[in-house]
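Below, each chain spelled out in residue letters.
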Amino acid sequence: MTEPLLKVQNLSRHFGGTSAPVRAVDDVSFEIARGETLGLVGESGCGKTSLVRTLLKLGPATGGSALIDGVDITRSSGRQLHELRRRMQVVFQDPYQSLNPRMRVDRLISEPWALHPGIVPKSLWRAETVKLLESVGLRAEHAERYPSEFSGGQRQRLGIARALTLNPTLLVCDEPVSALDVSVQAQVVNLLSRLRRERNLAMLFVAHDLAVVRHISDRVMVMYLGKIIETGPKHSIFSAPAHPYTQALLSAVPTPDPRLRGKRKRIVLQGDLPSPVNPPSGCRFRTRCWKATSICAEQEPALTARTSAHGLLTACHHAEADPAVAGE
Amino acid sequence: MALLEVNDLRVSFDTAAGRILALNGVSFSLNRGEVLALLGESGSGKSVTASAIMDLVPNPPGAIDHGSIRFDGSELLQLPRQERRDLCGDRIALIFQDALAALNPVYPVGWQIAEMFRIHGRTVQGGVEKAVIDLLTAIGIPDPERRAKQYPHEFSGGMRQRIMIAMAVALEPDVIIADEPTTALDVTIQAQVVDLLNAIRKRSDAGMIFITHDLGVVAELADRVAVMYAGRIVETASVFELFDDARHPYSVGLLASQPRMDTDEDELVPIPGSAPNPAALPSGCAFRTRCPRAEKLCAEVVPHLETVGPGREVACHFPVSPA
């Protein structure tokens, strides 16, 4: 196999003092290949956002490394970081807060070219801006408007256009459609799918909407309390999840089909997410897990192949597929 | 006779962009024991409908310009303010989306639930304190005696939403209006809350108006659905009819634009464009600018809800043919 685009190894991000840190991301390892979309799912407080921010170096890593094209993001600074950021761009969740309201669209789009000279010569800014706007489904005349003149879906298109200005190889999408109306969501999802095909973009796609993640991803990674608890090709994750938490998560997604009402197995989790300051010993999910035994409190389960599902890695001592909760 | 009947309701708001019509002739009815979903996107008028029923339209800038809301035989819009306020909370209850904002941060939750009994002058057998503990138990809060003395910030988001539900059902209302009660919650917690609401509706004979934009939740919970777009109801149908055989092009588009968990689709089928600016709605049918079936007539004449079958209404000049 060729070298992955992004290689994350034992990455941690802790907050607060060393005595009782919040272990937001704790010893996480994964890879993203060129042109591949990795979906990241998990509920509030699982560490998705902290992981994304650490990868973008919007905050320091506590330990581990994240190599993009072999260069460690976590140890980069100054000119090297500036260069890395060119290859790694982000689409934020809230298109109302992520665009400067005082900047006209043409400046919003061309600003990255001013910060990274040598990519697009100034004489071509206007033409390239129009090309980009059209590639995200906007029009040339939109270049002369301000963000407030756009709807939410259009703003998210602007955010995507801006993220593409520097021809990144990796696009990090942090809940890119969750602020949008359902009818508009599909437009933006289709746009991202098309762009990644056309540009061979790799994507880390973070979202809590499992149906959207399933639609767009090649592989999926599930986080719980700072750990990756299961990961694999999307069809393995969605048709044969082996981790009890993944099973509970999938079983909780309401099916848009009233005839299936009450017919699907629903696993209702007991209790709340434990505090990441003092996570449970061994497996972090054991306090809410119906399969937990004494080994779960003693030994942290490794993320490894435990079932016959293709490419599926599961961090559970009692990993076993349950056909009744498969989403597919 | 229907328990709640809303007829030709029109609500407008003064905004910087001029007077906008938030509700432009909304009519529907709710029966006892029935769950009616109001399905629509932001700005479609779902929450304004709830506010109008609960007498919570801020005036100014808002005003109910026209229409009637009949509840159990009496016209709510004609009732003296105090009588109407007494009714709300007692016989018609509202569950807000944002439980943290709706709960008072400086009082224990038990006290706030008990307030429902005090304000509405209810006495309960065994005392209010016991009623509060029973309610907390019913909504699945462990250790209710201790938890009743705690403050909202000491609860998780899902628990706070369940406490809102406990307050809403405390006086056993006839109508429960739930305004996006699960939208801010994680999916596993959402499942808990939907199950709780389902259990409550089975136990009581109350009618429920469930406001949401989530088709999955509609499929799990609703008996009937009213689809809203730009301040109007564009289609009403039983939940089965809507999912099997939607007739309004907007409903059809909404269903088609959702990715599915059980099939692989190459491309999603979005509705083009975005919701119209309420200050500058298109003439005629407000959906026509995004509609694949629109013709000249749609720009000229507003389509009104017309009965197309038992309990089925569609507001469209060129509805999709029955499947």
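Residues numbered from 1 in each chain as written. Chains lettered and ligands numbered in written order. Predicted model: local features only at pLDDT ≥ 70, side-chain atom pairs only at ≥ 80, totals over all residues.

A closer look at the interface of chain B and chain A
Part 1 of the reasoning: With 36 residues of chain B at the interface, the matching set in chain A holds 34 residues.
Part 2 of the reasoning: Listing elements by their share of the side of chain B that touches chain A, those giving two or more residues are helix H8 (187-203), helix H9 (215-221), helix H10 (239-245) and helix H11 (249-256) of chain B.
Part 3 of the reasoning: Per-element tally for the side of chain B that touches chain A: the top contributor is H8(B), with 7 residues.
Part 4 of the reasoning: The residue inventory of the side of chain B that touches chain A, partitioned by class, reads 17 nonpolar, 11 polar and 8 charged. (Contact = placed C-beta atoms within 7 Å. Helix = DSSP H or I, 4+ residues; strand = E, 2+ residues; numbered from the N terminus. Nonpolar A, V, L, I, M, F, W, Y, C, P; charged D, E, K, R; others polar.)

Looking at the environment of A:Phe30
Residues and elements named next belong to chain A.
Part 1 of the reasoning: Tracing the chain through its elements places Phe30 in strand S2 (residues 22-32).
Part 2 of the reasoning: Since 21 C-beta atoms lie within 10 Å of it, Phe30 is described here as buried.
Part 3 of the reasoning: When the C-alpha positions of Phe30 and Thr231 are compared, they lie 9.0 Å apart, and in sequence the two are 201 residues distant.
Part 4 of the reasoning: Residues contacting Phe30, with those up to four places away along its chain left out, are Val8, Met221, Ile228 and Thr231. (Buried ≥ 20, exposed ≤ 12 C-beta atoms within 10 Å, placed from the backbone.)

Quick word on the packing of helix H5 (residues 152-164) of chain A against helix H6 (residues 182-199) of chain A
Residue and element names in this part refer to chain A.
Part 1 of the reasoning: Put simply, H5 and H6 touch, their axes get as near as 9 Å, and they point 15° apart. It follows that H5 is roughly parallel to H6 by the angle criterion. Considering how the two elements wind past one another, H5 and H6 form a crossing that is right-handed. Of H6, the residues touching H5 (which contributes Gly152, Gly153, Gln156, Arg157, Ile160 and Leu164) are Val184, Gln187, Val188, Leu191 and Leu195.
Part 2 of the reasoning: Residues that form the contact of H5 with H6 fall into these classes: 6 nonpolar, 4 polar and 1 charged. (Axes fitted to C-alpha atoms, helices over the stretch in contact; angles between N-to-C directions. Parallel < 35°, antiparallel > 145°, perpendicular 65-115°, else oblique. Left-handed = near helix turned anticlockwise from the far one by under 90°.)

Thoughts on the sheet that holds strand S1 (residues 6-15) of chain A
All names here are of chain A.
Part 1 of the reasoning: As summarised here, the arrangement of the 4 strands in space is S2-S1-S4-S5, forming an open sheet in which the pairing is antiparallel. Unpaired on one side and paired on the other, S2 and strand S5 (71-72) mark the two borders of the sheet.
Part 2 of the reasoning: Where strand S4 (residues 63-68) meets S5, 2 bridges bridge the pair, whose relative direction is antiparallel. Looking across to S5, one finds that Ile68 is bridged to Val71.
Part 3 of the reasoning: Relative to the sheet, helix H1 (residues 48-55) contacts S1, S2 and S4, its axis offset from that of S2 by approximately 65°. (Pairing = 2+ DSSP bridges.)

Overview of the domain arrangement of chain A
Residue and element names in this part refer to chain A.
Part 1 of the reasoning: What the domain assignment lists for chain A is domain 1 (6-217) and domain 2 (239-325).
Part 2 of the reasoning: A straight line from the C-alpha centre of domain 1 to that of domain 2 covers 29 Å.
Part 3 of the reasoning: Of the residues in the side of domain 1 that touches domain 2, the class split is 4 nonpolar, 1 polar and 1 charged. (Domains from an automatic or database assignment.)

A word on H5(A)
Residue and element names in this part refer to chain A.
Part 1 of the reasoning: Taking 1.5 Å per residue, 13 residues should reach 18 Å; H5 reaches 19 Å between its end C-alpha atoms and fits that length.
Part 2 of the reasoning: All buried positions along H5 are accounted for by Gly153, Gln154, Arg155, Gln156, Arg157, Leu158, Gly159, Ile160, Ala161, Arg162, Ala163 and Leu164.
Part 3 of the reasoning: Considering only its buried residues, H5 is in contact with strand S6 (88-91), helix H3 (105-115), helix H4 (125-135), strand S7 (170-174) and H6. (Expected span 1.5 Å × (residues − 1).)

With respect to H6(A)
Part 1 of the reasoning: For H6(A), built from 18 residues, the straight-helix expectation of 26 Å at 1.5 Å per residue is met to within 8% by its first-to-last C-alpha distance of 26 Å.
Part 2 of the reasoning: For H6(A), the set of buried residues is A:Val182, A:Ser183, A:Val184, A:Gln185, A:Ala186, A:Gln187, A:Val188, A:Val189, A:Leu191, A:Leu192 and A:Arg196.
Part 3 of the reasoning: Against strand S3 (37-41), H5, S7, strand S8 (202-206) and helix H7 (210-216) of chain A together with H11 of chain B lie the buried residues of H6(A).
Part 4 of the reasoning: Looking at the residues trailing H6(A), positive phi occurs at A:Asn200, about 50°.

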